[in-house]
Amino acid sequence: MTPLFRSCTTLRKLTQLHAHLLVSGSLHSSLHLFRSFPNPDPFMWGVLIKCFLRNRHFRHVISLYHQMLHHLIPMTRFIFPSVVRACSGCGELILGRKVHGRIVKCGYDEDCVVETALLGLYGELGRLGDARKVFDEMSVRDAVSWSSVILSCVENGEVGWRCFEGWCWKGLYRIRLPCSVWPRLVGSWGGGGESPQRIFQSNVGCRGTACWTAMISCYNQGGCYAEALDVFGGMQECGVWPNSVTLMCVLMSCVGLGLLREGKSVHGFVIRKGVDPDLDFVGSALLELYAETGGVSYCQNILDMIGGRNVVQWNTIISVYCQKGLLREALLLFVRIQAHGLMPDSFSMSSALAACGKMGLLELGHQIHGHIVKRGYLDEFVLNSLIDMYSKCGFVDSAYVIFDTMKHPGIITWNSMISGFSSSGNSVMAISLFDQIYLNRLEIDEVTILSVIQACSELGYLEKGKWVHHRLLTSCMRKDLFIDTALTDMYAKCGDLQSAQGVFDTMIERSVVSWSVMIAAYGMHGKIHAAISLFSQMLETGIEPNEVTFMNILSACSHSGAVEEGRLYFRSMRDFGIEPNAEHFACIVDLLSRAGDLNGAYDIIKSIPVSVDASIWGALLNGCRIHQRMDMIKRIEKDLLDITTDDTGYYTLFSNLYAEGGNWEEFGNVRLMMKGIGLRKVPGYSVIEIDKQVNRFGAGDTPLPQMKEIYRYLNSCRKHEMEPNSAVLSWFTEAKVQSSQNEKCSITVLLDQLKDADILPLKDVLMSSDSSHIHAVDLFLEFHSDLGTESVVDLMNGINAKLRVVDLQDLSLGKEFLRDLCRASLACQVFNLRSIHIQKLDMVGSFLRLHTLNLDFCTSLGSLRRDCFSCMPNLTRLSICETRISNLLTTTGALSRLPCLLELRFQSCLCCKGPGSCPGLEGQQKLQTESQEKDETLVSAGKKASRNASNTLKNFVTHHPSPICFEKHYREYIISSLPGLEVLDNFPIRTTERELAKMKSAKYFEYLPYKRLHKESVVSVLNKREMGTSGIHFQKPFKPKQLYHHRNGQNFFLRSLCAAKLGSSTWPLLHPLCNFNHTCKAENKKLRPRQFEYHPSNPSLMVFGTLDGEVVVTNHENGKMVGYIPCIGAMSSILGLCWLNKSPSKLVAGSDNGSLKLLDLNNMSPEVADSCCSSSGAPFEDFEQLTSLHVNSTDDQLLASGYSKGVALYDVGSGRHLQLFSNLHREPINVAKFAHHSPYLFATSSFDHDVKMWDLRQSIRKPCYTASSSRGNVMACFSPDDHYLLVSAVDNEVKQLLVADGRLHTSFEIASTGSPQNYTRSYYMNGRDYIISGSCNEDVVCICCAQTGKRLRDVYLEVNSYMRFVIVISKARMLTIASFLQDESGSSIFVQSLRGDPFRHFNMSILATATRPSFKWEIIKVNLLASSDYAEEHCYGQCLQPSCCLGG
């Protein structure tokens, strides 16, 4: 190719060579050449585009078009048609419209070729309206454009035809369309409007032979043979001379209509006119004509005339012979093919195999099979014929061997195999193949349905038959006469006469077979009158009975004893032209014999003109046995001994008659006769359907190992007077044998298939001491169960010793069952649990054998109790995917108590189901290990391992991750914290990765401060680092003066994260406030906190209000009560408390009934008393529906908000109502708060999603600004320095706004629960460094960084189930958090309110409620820097002066 390029001395020659490359199909070479040009012209672009279009690379065409636009290459009218066709090929309608617009801009919209391409685009994409617009605007409409628009219409179905009838009919009269258009037009015609054939005939320009031939062929393909002959007649009227192809099509029309006379006329026309003298085209059609119309004698003559020049002609006549039943002649022709020097093809082989199958010529079929293998004709068509041949010859096993070798058998092959099994009596295998078809999602047709219905009928498999019937009704499959008849027969033989009658009644068309089947159904069910009535109805409809009909009605009369009716029907057979055969005589003899007329039966046998077979004598023998007529047996003994048959039933009946008469000698002679013939008595068997499966039990069968348990279960059901559960029987039947030596097996119990009454019999079997065959029980619950909790617990306790797998995927049994389950002692080895009720994992029972625990999809699980895994020392595999677990510290602390843990996952690989190592990563891990062995130092190994691990993890597709997986350095922290772990998240842990994890943990994570040699607070440690004195250990802790002094340090926020998240205790110290019941005169008096506030200047005091309207001031450090007020008005909850800054002994309290009072600590009683103290100032006016109250920084004004959508302003000194601001929000106001440093600025938050800032110095008609949330707002509070406003909305939507203008500063990463009643409250802690947030429907407090919004840590409200809070904390300075004692463990605990301690870092207080076992409110304190494991250690943090009061 290179010399050719070098010989191109001019651009024209080079362009010609390029075009040649494109036309010849060398796309790669042409594209390489094209790119070698610095500035190719539009012609070269167009040639390249057309080349890609010719090869159907539509996307490349569009890409080249965009490149032309990018490089500003001028467009020509030759480029646009190719681009438009590419858009049509890709289905890009929008891009096509854009190209259309550019065509208009470039002025090519009147070009005929471009417009035709646009017509094709809109037509192919179904936009007929746009195609109509383009067509109407065309100035020149040639045949191509008309063809395009016509084909667009007919290809769009009914809608296209409506457009066609009103748009294109007239055009058909004016233009000459191509021949290829007319067949498609005729084929899609739906019958409306004018016939396309008439328009075709009236179209003067369409009189060519090719067009007429195309029309005739089109009608033939649609089965419209008469219309095809009409077109041929019109062709002759128009004087158009037919060619050989035309005559061949006409002959095929005659074949379709069975018109031998007209076919002969066409044959004569061929001979007279010499159209096809050698019969090259019409020869095969003539063969098929004479073979189909009965002129078989002519076929040989035609074959001799044409000389059998090709195998197709031989195949035609062989196929017709097979269809006509001339099987011997067909096989002789097959042999003659090779004598004429031709080689049979696949069609010849298939026809010959079909003939062998019908005649039962197995040996010849074997020979043809060998020839097929030798010649390699192993296509699906031939293999189907082989399967059919072997099945019909009775060698269904050989047929199945062929079927099993086929990789992708089609539905015809499946049908052949199912029909073969069904016809050979192996109906179980036929149904099994049908199940495989359904599981493989192959398309099921009518033949499949018919075959499987017949198999169900043979087995009596009613449930399967009903399922097939339902499948037939719900699918779009056409239900025909054969299927309806088969369904009727199936229901009748399965005993469901009502369903059989229903199918029969709904049949639109009924054949004599359908009537016969229904008559037989009535007969086998003993309904003789219904059978007789149906026979009369059949005669009234004009359908004459056949031999089977009379046999069925005679059999019905025989079984019901209707002798006279039987005689009548037997005599009337000749009236319908039917001669009785042996089966009819057997029926009438059986009828008379059963009725006792043995002499009459014998007379009929003697009058039979043909030889009497064993079935007729057997009917007479049966009558003799019924009526004990031994004399009749002596009379016919000679005739009976002369019969030779292979029916063992006949000899068995004969011998049993001798045995009943005591003639044992003759009994032995008959049995010796059976033995001499080689016959054996076939043992009887029973078929029972259990759990939609057919089970066969025969006499003398070897019992299964689990049959003992089945009998025991049946006896237990009888003992408890209950019906056996078919599901339980199927479990015992399907029990898998585990060891062939001792025949032990396991059983799978599905709880969703049990009822409460099934528990006792099942437990009796599984608990029996001699139940040695069942050594393991697997317990599953996948769907909703109707079992009660007591029944499940009773069953699990009873079979606990044999439990192996417990899989509870749907916990419809409730929370109580879960609690009992976690406290139980289970001996199972695998425990899979999925429930939405688990919030904290607290398993305190005994699980000593448990090695695998799966808690995936426990979507409410948020924390692990510290000792939750102590009861499972042998646990090696743990999976906790798709949960709410997010805390690295507490989680690893709990997991560290598992000494044998090897495999752990919080997220799964997409290709893995279990916690093991992902097989797809083994090859990459091997390469990683080999590369690590070549490294010389640990550092270089760590770096390389990091790169390899990073590259490998890119291919690691995670699935269902828990929130903990998104924590920074999550994998490294888990690996370093659990040194025995081998697999994490299906990803194996290598040695180098473990070393790298240790280095990262040492770099990013610091040890817990309470484990240091010199006990120091985290704040002290951080301040030492800031001052550069971290290497010096002080005897006294460092005392910082202000929290904000070192904010300008470069790593301030990084260290604050460490302090809050990683430097704190794993399980912080929890402690409730002391109970004051001992000071109350009434023993049953309990204080139930509802609201609380820290004192603004005294770090020891706290005030809280109760649900009963009481106000209590306490020293929260030593637990002593300082002041108590019984109630401030009517019995109502305290919703508002606020200390006065300038008068530290005074506070304002408000209840939800609207009562407001100014209280003085000096006037309060130090113990619980019934008398109420007096207010220290003037009484306040009531404010109805109070929600909150707050005093400004100067203590002169008070704000009260309520559900009335308004805010009231009070004078604190006089209690006077100054002003009422109404309708500040569209919905009730939850809180109104003053700023800490401005006495005029206040904020309001409401359920209307808005937070508004107001200024008392301005008009209250309009707020300073409004900030909105996506949900209703619950709380708003100012930061200590009034720089920020913290807003809390429903369901954990927390954000921090700038006080100046309301712009969003920080949004906090707290997950929502989806509950619209999950009211969230958030406050500041450690000044304004941190945010603490809790919600009333959750048991967790989230700690976030106020500057970054990062969620640092979650603190859960929990307490150990085995210890009480008896720790002395008077010397420890603590925060407060909610928790409960041992009697409340396991209860549902929720956060109601919380505050950060204004005097102590990393301390907070939380008001929490418990809903079980009794509704209880309590204030709990927590110290994040102290651990419950080291409660005796003190945390020497320095008290700081508060920047302001955080009340409200």
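Thresholds, definitions, all that
- Residues numbered from 1 in each chain as written.
- Predicted model: local features only at pLDDT ≥ 70, side-chain atom pairs only at ≥ 80, totals over all residues.
- Heavy atoms only, no water.
- Helix = DSSP H or I, 4+ residues; strand = E, 2+ residues; numbered from the N terminus.
- Contact = heavy atoms within 4.5 Å.
- Areas by Shrake-Rupley, 256 points an atom, 1.4 Å probe, with all protein chains shown as cover.
- Buried < 20%, exposed > 50% of the residue type's maximum accessible area, 1.4 Å probe, protein only.
- Arc of directions from axis to C-beta.
- Core = buried A, V, L, I, M, F, W, Y, C linked by side-chain atoms within 4.5 Å.
- Patch = residues over 30% accessible without salt bridge, like charges linked within 9 Å, V, L, I, M, F, W, Y side chains within 5 Å.
- Salt bridge = Lys/Arg side-chain N within 4 Å of Asp/Glu carboxyl O.
- Pairing = 2+ DSSP bridges.
- Axes fitted to C-alpha atoms, helices over the stretch in contact; angles between N-to-C directions.
- Phe/Tyr/Trp six-rings, centres within 6.5 Å; stacked < 30°, edge-to-face > 60°.
- Lys NZ or Arg CZ within 6 Å of the ring centre and 35° of its normal.
- pLDDT = per-residue confidence, 0-100.
- Parallel < 35°, antiparallel > 145°, perpendicular 65-115°, else oblique.
- Left-handed = near helix turned anticlockwise from the far one by under 90°.
- Nonpolar A, V, L, I, M, F, W, Y, C, P; charged D, E, K, R; others polar.

For the protein chain, the helix and strand inventory stands at 54 helices and 43 strands. Considering only contacts within the protein chain whose residues lie at least 6 apart along the sequence, 58% involve residues at least 24 apart. For the protein chain, the computed accessible surface area is about 66800 Å², with 52% contributed by carbon and sulfur atoms.

What follows concerns helix α9 (residues 128-136). Residues lying three or four places apart along an α-helix face the same way, a consequence of the helix completing one turn every 3.6 residues. Of the positions making up α9, those classed as buried are L128, D130, A131, V134 and F135. The arc that holds every buried residue of α9, seen down its axis, measures 155°, which confines them to one face.

Of all hydrophobic cores here, the largest spans 142 residues; its most connected members are I453, V589 and L620. Discounting residues that sit within four places of it in the chain, V589 has contacts with A601, I604, I605, I616, A619 and L620.

This brings us to a nonpolar patch on the surface. A cluster of nonpolar side chains, namely Y438, L439 and W467, defines an oily patch on the protein surface of about 320 Å² accessible area. Considering the arrangement of structural elements, one finds L439 in helix α28 (residues 427-439).

Before going further, it helps to examine the sheet that holds strand β27 (residues 1207-1211). An order of β25-β26-β27-β28 is seen for the 4 strands of this open sheet, with the pairing classed as antiparallel. The open sheet is flanked by β25 (1186-1191) and β28 (1217-1221), the only strands paired with a single partner. On average, each strand axis in the sheet is inclined to that of its neighbour by 20°, with strand direction left out of account. For strand β26 (residues 1197-1202) and β27, the ladder comprises 5 bridges, and the chain directions are antiparallel. Note that in β27 the partner of L1199 across the bridge is L1209.

Turning to the packing of aromatic side chains, a few remarks are in order. What describes a pair of aromatic rings is the distance from one ring centre to the other and the angle between the planes of the rings. For the coordinates displayed, the defined rule picks out 18 aromatic pairs. Between the aromatic rings of Y1330 and F1402, the centroid separation amounts to 5.6 Å while the plane-to-plane angle is 50°, which identifies the pairing as tilted. Here F1402 lies in the loop between β41 (1389-1396) and β42 (1403-1410) and Y1330 lies in strand β38 (residues 1330-1335), a separation of 72 residues in the sequence. Three or more aromatic residues link up through ring pairs in this structure, and these residues are Y400, F403, W414 and F421. Its guanidinium or amino end placed over the ring of W467, K464 lies 5.1 Å from that ring's centre, counting from NZ or CZ. A cation over an aromatic ring shows up here: R510 above the ring of W515, its NZ or CZ 5.4 Å from the ring centre.

With that out of the way, let us pick up the sheet that holds strand β22 (residues 1134-1139). Within the open sheet, the 3 strands sit side by side as β22-β23-β24. Their pairing is antiparallel. The sheet is open, and its two edges are formed by β22 and β24 (1156-1160), each paired on a single side. Sheet twist, expressed as the average angle between the axes of neighbouring strands with direction ignored, equals 20°. One ladder, built from 5 bridges, connects strand β23 (residues 1146-1151) with β24; its direction is antiparallel. In the sheet register, G1150 faces β24, and the bridge partner there is L1156.

What follows covers the side chain of T1106. Looking at the secondary structure, you find T1106 in strand β19 (residues 1101-1106). Excluding anything up to four places from it in sequence, T1106 contacts R1088, P1089, R1090, S1132, S1133 and I1134.

Right, let's get into the pattern of salt bridges. Tallied over the full model, the rule gives 25 salt bridges. Ionic pairing is found between R1088 and D1108, a salt bridge with its closest N-O pair at 2.9 Å. Of this pair, R1088 sits in the loop between β17 (1068-1072) and β18 (1089-1094) while D1108 sits in the loop between β19 and β20 (1111-1115); the two residues are 20 residues apart in sequence, bridging distant segments of the chain. Note on D1108: relative accessible area 15%, which makes it buried. One salt bridge connects R1400 with E1117, and the closest N-O pair in it is separated by 2.3 Å. Here R1400, found in the loop between β41 and β42, pairs with E1117, found in the loop between β20 and β21 (1120-1125); they are 283 residues apart in sequence, far enough to count as distant. Owing to a relative accessible area of 5%, R1400 belongs among the buried residues under this scheme. Judged by relative accessible area, E1117 falls into the partly exposed class, the value being 24%. One salt-bridge network, held together by shared partners, links E1117, D1397 and R1400.

Bringing helix α47 (residues 815-822) into the picture now. Where α47 is concerned, the buried positions are F817, L818, L821 and C822. Buried residues along α47 cover an arc of 130° about the axis, so they all sit on one side. Those residues of α47 hidden inside the fold are in contact with α46 (789-798), β6 (803-808) and β7 (830-833).

All right, on to the pairing of β7 then. Burial along β7 is two-sided: the residues V830 and N832 and F831 and L833 are all buried. Relative to β7, β6 runs parallel, the two sharing 4 bridges. In the strand pairing of β7, V805 is matched with V830.

Attention now goes to the confidence of the model for the protein chain. Mean pLDDT for the protein chain: 75, with 73% of residues reaching 70 or above. Low pLDDT (under 50) marks residues 187-194, which in the prediction has 13 contacts with non-local residues, meaning those over four places away or in another chain. Under a pLDDT of 50 for its full length, residues 1359-1387 has, in the predicted model, 100 contacts with residues more than four places off or in other chains.

Let us now look at the environment of M75. Structurally, the position occupied by M75 is in the loop between α5 (58-70) and α6 (79-90). What makes M75 buried here is its relative accessible area of 11%. In sequence terms M75 and R102 are 27 residues apart; their C-alpha atoms lie 9.4 Å from each other. Discounting residues that sit within four places of it in the chain, M75 has contacts with Y65, M68, L69, F80 and Y108.

Moving on, we get to the side chain of E972. Tracing the backbone shows E972 in helix α51 (residues 970-977). Residue class for E972 comes out buried when judged on its relative accessible area of 18%.

This next bit is on the environment of I710. When you line up the elements, I710 lands in helix α43 (residues 707-719). Placed 21 residues apart in sequence, I710 and W731 show a C-alpha to C-alpha distance of 9.5 Å.

Right, let's talk about the pairing of strand β31 (residues 1250-1255) for a bit. Here is the key point about a regular strand: its side chains alternate between the two faces of the sheet. β31 sits mainly inside the fold: 6 of its 6 residues count as buried. Of the two faces of β31, the one carrying D1250, K1252 and W1254 and the one carrying V1251, M1253 and D1255 are both buried. Connecting strand β30 (residues 1241-1246) to the next strand, β31, in antiparallel fashion are 3 residues, including H1249 with a positive phi near 80°. Both β31 and strand β32 (residues 1265-1268) contribute to a ladder of 4 bridges, which runs antiparallel. Within β32, the position partnered with M1253 by the bridge is Y1265.

Contact pair helix α15 (residues 209-221) / helix α17 (residues 244-257): the axes reach a minimum separation of 9 Å and the direction vectors enclose 20°. Classed by the angle they form, the pair α15 and α17 counts as roughly parallel. Seen from above, α15 lies across α17 with left-handed handedness. On α17, the residues that touch T209, T213, I216, S217 and N220 of α15 are V245, T246, C249, V250, M252 and S253. Here the contact of α15 with α17 is composed, by residue class, of 5 nonpolar, 6 polar and no charged.

For the rest of this paragraph, the subject is unusual backbone geometry. One non-glycine residue with positive phi stands out, namely E882, at about 55°. Positionally, E882 belongs in the loop between β11 (877-879) and α48 (888-895).

A few words now on the packing of helix α35 (residues 547-560) against helix α36 (residues 563-571). For the pair α35 and α36, the least separation of the axes is 9 Å and the interaxial angle reads 165°. Taken together, the axes of α35 and α36 lie roughly antiparallel to each other. Like other packed secondary-structure pairs, α35 and α36 cross with a definite hand, here left-handed. Each of F550, I553, L554 and C557 in α35 lies in contact with α36, whose residues at this interface are E565, G566, Y569 and F570.

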